[in-house]
Amino acid sequence: MRNNHAVNQKKMSFLQKLYFKLDIPPDLTNGNFVEIRGNSNVCVHGCKKILLYTTEEVRVRLTGCVLSVSGNDLYCTAYHSGNIEIDGIINSVSYMEDK
């Protein structure tokens, strides 16, 4: 019987093997990265599309999921090169399955 770990490593790309060896979590390697600064700022890297934009919720599509930022007086301070920055009073940040 083959070692499943060895078989899985053969199917990995060079970068995937490197990330595995360096113990970098897979969610950091898909281009999605979320920074939360207190309860007043969220910076999202890897944004594909803005799906919803109101003062109470901003919803964006990322690779493989949708991110929702909920709060009050939300506004977008920057959107460029797949990065979005949201300011306001942030109550929650949640991931949803991309449908």
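Our subject in this report is the structure included herewith. (Residues numbered from 1 in each chain as written. Predicted model: local features only at pLDDT ≥ 70, side-chain atom pairs only at ≥ 80, totals over all residues. Heavy atoms only, no water.)

### Quick word on the overall build of the protein
Across its full length, the protein carries 2 helices and 6 strands. Order of helices (α) and strands (β) in the protein, N terminus to C terminus: α-α-β-β-β-β-β-β. Each of the 99 residues in the protein was classed as buried or not, and the buried ones make up 25%. Taking contacts inside the protein between residues at least 6 apart in sequence as the whole, the part at least 24 apart equals 39%. (Helix = DSSP H or I, 4+ residues; strand = E, 2+ residues; numbered from the N terminus. Buried < 20%, exposed > 50% of the residue type's maximum accessible area, 1.4 Å probe, protein only. Contact = heavy atoms within 4.5 Å.)

### Points about the pattern of salt bridges
Across all of its chains, the model carries 3 salt bridges by this definition. Notably, a salt bridge pairs arginine 37 with glutamate 35, separated by 3.1 Å at the nearest N-O pair. On the accessibility criterion, arginine 37 (38% relative accessible area) is partly exposed. Two residues, glutamate 85 and arginine 37, come together in a salt bridge whose shortest N-O distance is 3.6 Å. Remark: arginine 37 occurs in strand 1 (residues 33-37) and glutamate 85 occurs in strand 6 (residues 83-97); sequence separation between them is 48 residues. (Salt bridge = Lys/Arg side-chain N within 4 Å of Asp/Glu carboxyl O.)

### Overview of the sheet that holds strand 1
Spatially, the 6 strands line up as an open sheet ordered 1-2-6-5-4-3, and their pairing is antiparallel. Across the chains shown, the open sheet's two edge strands, defined by having one partner strand only, are strand 1 and strand 3 (49-53). Pairwise comparison of adjacent strand axes, ignoring direction, gives a mean angle of 35 degrees for this sheet. With 5 bridges connecting them, strand 1 and strand 2 (residues 41-45) associate as antiparallel partners. Bridge assignment links arginine 37 to a residue of strand 2, and that residue is asparagine 41. (Pairing = 2+ DSSP bridges. Axes fitted to C-alpha atoms, helices over the stretch in contact; angles between N-to-C directions.)

### Quick word on the state of the cysteines
Covalent bonding between the sulfur atoms of two cysteines defines a disulfide. Counting across every chain of the model gives 0 disulfides. Not engaged in a disulfide, the cysteine cysteine 43 finds its nearest cysteine sulfur in cysteine 76; these two sulfurs lie 9.9 Å apart. Left without a disulfide partner, cysteine 76 is nearest to the cysteine sulfur of cysteine 47, which lies 8.6 Å away. (Disulfide = S-S within 2.5 Å.)

### A word on a nonpolar patch on the surface
On the surface, a cluster of nonpolar side chains totalling about 490 Å² of accessible area is made up of Phe14, Leu15, Leu18, Leu22 and Ile24. Considering the arrangement of structural elements, one finds leucine 18 in helix 2 (residues 14-21). (Patch = residues over 30% accessible without salt bridge, like charges linked within 9 Å, V, L, I, M, F, W, Y side chains within 5 Å. Areas by Shrake-Rupley, 256 points an atom, 1.4 Å probe, with all protein chains shown as cover.)

Interpretation in functional terms is not warranted from these geometric data alone.
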